[in-house]
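Summary of the model geometry
Below are the chains, spelled out letter by letter.
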Amino acid sequence: MIRKTIIAAIAVIFSIASLSAQQIVAHRGYHAASGAPENSIASLHAAHIAGIEVVEFDVVFTADNYAVVAHGPNHPQFGGVPIAKSTLEDLRATPLSNGELLPTLDEYLETASKYDDLEFFLEIKLLGDEDLMRVWTTIIATVDRYQLNDRVTYICFDKEMCDIAASRGAMY
């Protein structure tokens, strides 16, 4: 009887341990919250308030080489305005549905750095003929500036971009 109780207790402990290893990821932030469009700073804040553990967001580059947080390839408010062919100034002429401006990676990570309880999946979206080394060095320099290296996991569907990241210390 005691042996069965011990075995049952061990099974419960392992069950609880495996449950605690699971994380909830807010894809493009917690944009189900009112006034929080996807990939906005408001959706990042909403994820924090909701107790989400991981926030995934997308990074694309403008024609004038700014890293912005958007699903891409077009401005979230105007499906026909391509981000890769627009300047940051042009993109910011049209606010998001909640009145926020399209956030730069720098602005997004500045806010993200205030939430010690969050981890991040940063998806690198390539929209055309970006200089991949410049893309990586811009992203990693921004992540470094906010000391988020240990809390960011990178995602990209481009093998060459992944190879560059891996050659610079990111792991597959």
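Throughout what follows, the structure given in this document is the object of discussion. (Residues numbered from 1 in each chain as written. Predicted model: local features only at pLDDT ≥ 70, side-chain atom pairs only at ≥ 80, totals over all residues. Heavy atoms only, no water.)

Let us now look at the pattern of salt bridges. Proximity of charged atoms lets side chains of opposite charge pair with each other. Inspection of every chain in the model, using the stated rule, returns 7 salt bridges. The salt bridge partner of Arg-145 is Asp-106, with a shortest N-O separation of 3.0 Å. Here Arg-145, found in helix α5 (residues 132-145), pairs with Asp-106, found in helix α4 (residues 105-112); they are 39 residues apart in sequence, far enough to count as distant. The partly exposed category is assigned to Asp-106, whose relative accessible area is 28%. Arg-151 is paired through a salt bridge with Asp-116; the nearest N and O atoms lie 4.0 Å apart. Remark: Asp-116 occurs in the loop between α4 and β4 (119-124) and Arg-151 occurs in the loop between α5 and β5 (152-155); sequence separation between them is 35 residues. In the salt-bridge network here, residues are joined through shared partners; they are Arg-28, Glu-38 and Asp-58. (Salt bridge = Lys/Arg side-chain N within 4 Å of Asp/Glu carboxyl O. Helix = DSSP H or I, 4+ residues; strand = E, 2+ residues; numbered from the N terminus. Buried < 20%, exposed > 50% of the residue type's maximum accessible area, 1.4 Å probe, protein only.)

Enumeration according to the criterion identifies 0 disulfides in this entry. No disulfide involves Cys-156; its sulfur sits 5.0 Å from that of Cys-162, the nearest cysteine. (Disulfide = S-S within 2.5 Å.)

Moving on: the environment of Glu-130. With respect to the helices and strands, Glu-130 occurs in the loop between β4 and α5. Separated by 46 residues in sequence, Glu-130 and Ala-84 place their C-alpha atoms 8.8 Å apart. Contacts of Glu-130, omitting those with residues within four sequence positions, involve Lys-125 and Val-135. A polar contact is formed between the side chain of Glu-130 and the backbone nitrogen of Leu-127, at a distance of 2.6 Å. Within the structure, the side chain of Glu-130 is placed 3.0 Å from the backbone nitrogen of Gly-128, a separation counted as a polar contact. (Contact = heavy atoms within 4.5 Å. Polar contact = N/O pair within 3.5 Å; in protein donor to acceptor, adjacent residues only side chain to side chain.)

Such coordinate-based values are descriptive only and should not be taken to indicate function.
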